[in-house]
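Geometric and topological summary
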There are 2 protein chains.
Amino acid sequence: MKNYKMILQYDGTRYDGWQKQGNTANTIQQKLETLLSDLVKHSVEVFGSGRTDMGVHAYGQVANARLLWNKSEEELLLAINDRLPEDIAVLHVEEVPLRFHSRLNARSKRYCYRIWNSRRPPVFERKTVFWCKEALDVEKMKEAASCFLGSHDFKNFSSAKGKKSTVRTIYNIDILQQGEEIQISFHGDGFLYHMVRILTGTLIEVGEGKRTIESIAKVFQEGTRQDAGFTAPAKGLALMEVFYE
Amino acid sequence: MKNYKMILQYDGTRYDGWQKQGNTANTIQQKLETLLSDLVKHSVEVFGSGRTDMGVHAYGQVANARLLWNKSEEELLLAINDRLPEDIAVLHVEEVPLRFHSRLNARSKRYCYRIWNSRRPPVFERKTVFWCKEALDVEKMKEAASCFLGSHDFKNFSSAKGKKSTVRTIYNIDILQQGEEIQISFHGDGFLYHMVRILTGTLIEVGEGKRTIESIAKVFQEGTRQDAGFTAPAKGLALMEVFYE
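Since the model is a prediction, treat every value here as computed from it, not as a measurement.

Along chain A, the regular secondary structure elements total 5 helices and 10 strands. For 245 residues, the compact-globule formula gives about 18 Å, and the C-alpha radius of gyration of chain A, at 19 Å, lands near that figure. Put simply, chain A has 245 residues, and 53% of those count as buried. Contacts in chain A between residues far apart in sequence, at least 24 positions, make up 69% of those at least 6 positions apart. Summing over all exposed atoms, chain A offers an accessible surface of approximately 11700 Å²; the carbon and sulfur share of this is 48%. Between the averaged position of the 34 positive side-chain charges in chain A and that of its 31 negative side-chain charges there is a distance of 5 Å.

Put into structure tokens, the structure is as follows:
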């Protein structure tokens, strides 16, 4: 058995997210496990760096799997891509030490949320952006984003349940306006369930003038999930990169 | 009656091309005529600058139609976009003189053909590029493209039938390589049926080393359609811009 690390790209539109579920085969993880099991003729488990929600995309998801494979990494990559549907691709395959685990060893992640900020409809980008017709004040959004930097308890900016720690560290939030598109890039040590989409929804509300920057500190201190912004739609979100040691 | 000029964008994937046909309503022209007739409560004919084939896209198709409309251009634009499916949009509407005709008055057009030149699959671009896995020699393609510049009888580089003139003038062909993508931009006074796709197919064969640059002059002089390159797939092609006086 060898352990292989893979970098994956997928258009999440047609899928029920990354994580396999009891009653549906329509997840990325399930597709990969079925394909790899067929290819190497033994049962394969695929470990992702983390879940992506239904409809969320990935440009650089990382996964690993232990396989009986005697040919080269390049041949494995081509064999997988030959069998994948055209909305999923493997960009890179490499053999890694057996102890490597794509989730447990991940140090940080970068997500990007794309907003189409125009009256004009996003014909060609419609499946990978959230269309916001009202003009957003990007400078205000940048100012608001700085409230999220550093280590905080992001419980009220997430749909997380249970008793696990909800403290996370955001290293950087970049907001870039290019033509009719606004891209918000989040780099952090980890993100709670729905956290990037709720942070984005909160920033959009600031940009629309529906929420003050001061309201953010209050949500951290004394608020609940209801006091934070809306959950921005899945289709604007993409997992860009997973960083390791 | 006022005459309105419209600039249109569409993702051609789901449609049977621009031009309405007897037995299908699934063309862009038919969609627009039905929608506009419903909106203005009289029968409407929409004139396009030219046909686009089944599966071809447009970033800047131009059309005109005569309408009984008493509100503003802006209100017309919003009313149309509200009623269009999300893969078609109107970018601009303006009233023009009654004599304006989007096809008859067109002076030149610009098309762009997108080639994805990589072993890696084009996950997010898969519906708007032609995937060519073999590395193309772009410098050779640029040299070959210069053979098409100026006025020529392009009959052998088209699927044109009938007795109309097949002489056309190409002002410019720009070939741009950006990362894994090669874009070929064609600007000319007009293009015959399948002409841009056959010119592109011929350039791809040169880039692959399957055809010499000298073979192009021979196709003009003594060849037939069979001697020119293959017809590159529709999905890589887009009508970018139509120019008027």
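Having put the structure on the table, let's press on.
Contacts between the two partners involve 22 residues from chain B and, on the opposite side, 22 residues from chain A. Considering only the surface of chain B that becomes buried against chain A, Val123, Phe124 and Arg126 of chain B emerge as the three largest contributors, covering 33% of it. The interface formed by chain B and chain A includes 4 salt bridges. Taken together, the connections running from chain B to chain A amount to 4 residue pairs in polar contact (both at pLDDT 80 or more). Secondary-structure elements contributing two or more residues to the side of chain B that touches chain A are strand E1 (2–10), strand E3 (57–67), helix H2 (73–83) and strand E4 (88–96) of chain B. Classifying every residue of the side of chain B that touches chain A gives 10 nonpolar, 4 polar and 8 charged.

Residues and elements named next belong to chain B. Given a rise of 1.5 Å per residue, 13 residues ought to cover 18 Å, and the 18 Å separating the end C-alpha atoms of helix H4 (residues 195–207) matches this to within 8%. Among the 13 residues that make up H4, 13 are buried, leaving the element largely enclosed by the rest of the structure. Looking one or two places after H4, you find glycine 209, whose phi comes out positive at around 80°.

All right, on to the packing of helix H3 (residues 138–145) of chain B against H4 of chain B then. All names here are of chain B. Look at H3 against H4: their axes get within 8 Å of each other, and the N-to-C directions meet at 135°. On the basis of their axis angle, the class for H3 and H4 is oblique. As H3 runs across H4, the sense of the crossing is right-handed. For the pair formed by H3 and H4, the contact residues are Lys140, Met141, Ala144 and Ala145 on the first element and Leu203, Ile204, Val206 and Gly207 on the second.

Below, the discussion takes up the domain arrangement of chain A. Residues and elements named next belong to chain A. Considered domain by domain, chain A is made up of domain 1 (2–96) and domain 2 (108–243). Counting residues at the interface gives 15 residues for domain 1, matched by 16 residues for domain 2. Counting the surface domain 1 buries against domain 2, the share from its top three residues, Asp53, His57 and Tyr59, is 43%. Inspection of the domain 1/domain 2 interface yields 1 salt bridge. Ionic pairing is found between arginine 197 and aspartate 53, a salt bridge with its closest N-O pair at 3.0 Å. Remark: the boundary between domain 1 and domain 2 carries 10 residue pairs in polar contact (both at pLDDT 80 or more). For the side of domain 1 that touches domain 2, a count of residues per class yields 5 nonpolar, 8 polar and 2 charged.

A word on the relation of the copies chain B and chain A. Overlaying chain B on chain A yields an RMSD of 0.0 Å, the required transformation being a rotation through 180° with an accompanying axial translation of 0.0 Å. Interpreted geometrically, this transformation is the action of a two-fold axis. Interface overlap between copies: 100% of the residues of chain B at the interface are likewise at the interface in chain A, consistent with a symmetric, same-surface contact.

About the cut-offs
Residue positions are counted from 1 within each chain, in the order its sequence is given. Going through the entries in the order they are written, you letter the chains from A and number the ligands from 1. Selection of residues for local features in this predicted model requires a pLDDT of at least 70, selection of side-chain atom pairs for listing and counting requires 80 or more, and totals for whole chains, interfaces and linings are taken over all residues. The side-chain quantities take in all heavy atoms of the structure and omit both hydrogens and water. Only DSSP runs of H or I covering at least 4 residues are called helices, and only runs of E covering at least 2 are called strands; the numbering of each starts at the N terminus. For the radius of gyration, the atom set is restricted to C-alpha positions; the globular benchmark scales as 2.2 Å times the number of residues to the power 0.38. For each residue, the accessible area found with a 1.4 Å probe, counting protein chains only, is set against the maximum for its type, and the residue is called buried under 20%, exposed over 50%, and partly exposed in between. Throughout, a residue-residue contact means that at least one pair of heavy atoms, one from each residue, lies within 4.5 Å. A 1.4 Å probe and the Shrake-Rupley method give the accessible areas. Residues count as covered only by the protein chains that appear here. Think of it this way: Lys and Arg go in the positive column, Asp and Glu in the negative one, and His and the chain ends go nowhere. Here the site of a charge means atom NZ of a Lys, CZ of an Arg, CG of an Asp or CD of a Glu. When two parts are put together, the accessible area they lose, computed with a 1.4 Å probe and summed over both, is reported as buried area. One speaks of a salt bridge when a side-chain nitrogen belonging to Lys or Arg is within 4 Å of a carboxyl oxygen belonging to Asp or Glu. For this analysis, a polar contact is any N or O atom pair within 3.5 Å, provided that within protein one partner can donate a hydrogen and the other can accept it, and provided that sequence-adjacent residues contribute only side-chain to side-chain pairs. Three classes are used: nonpolar for Ala, Val, Leu, Ile, Met, Phe, Trp, Tyr, Cys and Pro, charged for Asp, Glu, Lys and Arg, and polar for all others, with Gly counted as polar. One fewer than the residue count of a helix, multiplied by 1.5 Å, yields its expected span. Fitted lines through C-alpha atoms serve as axes, helices being fitted only where they are in contact, and the angles separating the N-to-C directions of these axes extend from 0 to 180 degrees. To sort the angles, those under 35 degrees are grouped as roughly parallel, those over 145 as roughly antiparallel, those from 65 to 115 as roughly perpendicular, and the leftovers as oblique. Should the near helix be turned counterclockwise from the far one by less than a right angle, the crossing is left-handed, whereas a clockwise turn marks it as right-handed. These domain limits were set by an automatic method or by a database of domain assignments. Here the copies are matched by least squares. The fit uses the C-alpha atoms of residues with pLDDT of at least 70 in both.

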